[in-house]
Amino acid sequence: MARTRVRFASLLALTAALTALVTGCGNGNTGTSSKGGTPGDHGGKPVVVVTTTWEGAFAKAAGAEDVKVIVPQSVHHAPDYDPKPSDLAAVGKADFVLYAPFEPYAAKIKEAAGSKAELVEVNLDNDADKVKTEVAKLGKLFGTEEAAARWTASFDAEYAKLSKDVQGSWPGGKSPAVVSQVFTTWSAKLAGAAPVGTYGPEAVTPAQLAELSGKKPALVLDNAHMSTGTVLPDSGARQIEIVNYPGEDLDLLPVYRNAAAELKKAAGTS
């Protein structure tokens, strides 16, 4: 996802200036490895640095309490963000650095900071089953399995409620045909709808436009973070924006509540 890349040059330029700082706060932390759910010397609680609020929400759901986000939630287009010295200093103190496969700069951040933190790849997908799998994995890694299990129980209850609410809002109880951006198919699942087609992350080509319009969808579930404008103009489909990234509170549940609200609103006009 293009949203989550930062300029490597910024990281390397900061490295020299931070050498003394990181040596004192990063390399000197001898208990940083934390494999097998045993965090470094931080009072028994893992110190987690994440690239974005999305990974941060997964970490918090898994039971992490000390979470530092590198790219602020307010930065809608992450390539425009330049890491600050405090970002690299935070990595130097971390037990874990969480990143997604489409974020190639995570390893560069760790390298620039000289950190001994464990790099953890997270499957960023808001599909309910995938979320629970990742939260359980992180809970085991952090040594916070009980907290992860409690969150999962509350998530299951909230998700079931939202899904029932959305599906009950469709006229006649039948979900409409939808076209979904590849990173928002989870919201179609929440709505009980199987997408008749998907697009992205690249812009829709003329051939795709003709094909997707021919499916006669009532809704287009666009990705608010990668929107290329109106996806199917003149098709009659209503386009709604689905937000994947949680807010600064790192609470994942509002992502589902907001998607449910948008879907219900659309149900009234479908």
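Chemist: If you had to explain the overall build of the chain to someone new, which residues and values would you point to?
Modeler: The number of helices and strands found in the chain is 9 helices and 8 strands. Partitioning the intrachain contacts of the chain with sequence separation of at least 6 by distance along the chain shows that 61% fall at a separation of at least 24. For the chain, the exposed area adds up to about 11900 Å²; of that, 54% sits on carbon and sulfur atoms.

Chemist: Now, about empty space enclosed by the protein: what can you tell me, with residues and values included?
Modeler: Taken as a whole, this structure holds 2 cavities of 30 Å³ or more when the rule is applied. Of the volumes computed, that of the largest cavity is approximately 40 Å³. Lining the largest cavity are Gln-181, Tyr-199, Gly-200, Pro-201, Glu-202, Asp-222, Met-226 and Thr-228. In the lining of the largest cavity, the residues fall into 3 nonpolar, 3 polar and 2 charged. Quantified by volume, the second largest cavity comes out at close to 30 Å³. Looking at the second largest cavity, the residues that line it are Trp-170, Val-178, Ser-187, Ala-188, Ala-191, Ala-193, Leu-219, Leu-221 and Leu-263. At the level of secondary structure, the elements contributing two or more residues to the lining of the second largest cavity comprise α7 (185–190) and β7 (219–223). In terms of residue class, the lining of the second largest cavity is made up of 8 nonpolar, 1 polar and no charged.

Chemist: Describe the pattern of salt bridges, naming the residues involved and giving the relevant values.
Modeler: Within the structure shown, the criterion is met by 10 salt bridges. Note that Lys-130 is salt-bridged to Asp-125, the shortest N-O span being 3.3 Å. Between Lys-189 and Asp-127 there is a salt bridge, and its shortest N-O distance comes to 3.0 Å. With Lys-189 in helix α7 and Asp-127 in the loop between β4 (118–121) and α5 (128–142), this pair connects stretches of sequence that are 62 residues apart. By relative accessible area, Lys-189 is classed as partly exposed at 38%.

Chemist: Tell me about unusual backbone geometry, residues and numbers included.
Modeler: Residues other than glycine predominantly adopt negative phi, and peptide bonds predominantly adopt the trans conformation. The omega torsion of the bond from Gly-200 to Pro-201 falls at 0 degrees, within 30 degrees of zero and hence cis. If you trace the backbone, Pro-201 turns up in the loop between β6 (197–199) and α8 (206–214). The phi torsion at Lys-216 lies on the positive side, around 55 degrees, for a residue other than glycine. Structurally, Lys-216 is set in the loop between α8 and β7. Note on Lys-216: relative accessible area 68%, which makes it exposed. You will see that Leu-250, though not glycine, has its phi angle at about 55 degrees, which is positive. Residue position: Leu-250 is located in the loop between β8 (238–242) and α9 (253–267). Since its relative accessible area comes to 10%, Leu-250 is described here as buried.

Chemist: An account of the confidence of the model for the chain is needed here, citing residue identities and associated values.
Modeler: The predicted model of the chain averages 82 in pLDDT, with 80% of residues at 70 or higher. Considering only residues more than four positions removed or in separate chains, one finds that residues 1–40, a stretch of pLDDT under 50, has 101 contacts.

What counts and what doesn't
- Residues numbered from 1 in each chain as written.
- Predicted model: local features only at pLDDT ≥ 70, side-chain atom pairs only at ≥ 80, totals over all residues.
- Heavy atoms only, no water.
- Helix = DSSP H or I, 4+ residues; strand = E, 2+ residues; numbered from the N terminus.
- Contact = heavy atoms within 4.5 Å.
- Areas by Shrake-Rupley, 256 points an atom, 1.4 Å probe, with all protein chains shown as cover.
- 1 Å grid on protein atoms, 1.4 Å probe; cavity = no way out; pocket = protein on both sides within 12 Å on 5 of 7 lines; lining within 4 Å.
- Points joined across faces, edges and corners; volume = space filled by probe spheres on them.
- Nonpolar A, V, L, I, M, F, W, Y, C, P; charged D, E, K, R; others polar.
- Salt bridge = Lys/Arg side-chain N within 4 Å of Asp/Glu carboxyl O.
- Buried < 20%, exposed > 50% of the residue type's maximum accessible area, 1.4 Å probe, protein only.
- pLDDT = per-residue confidence, 0-100.

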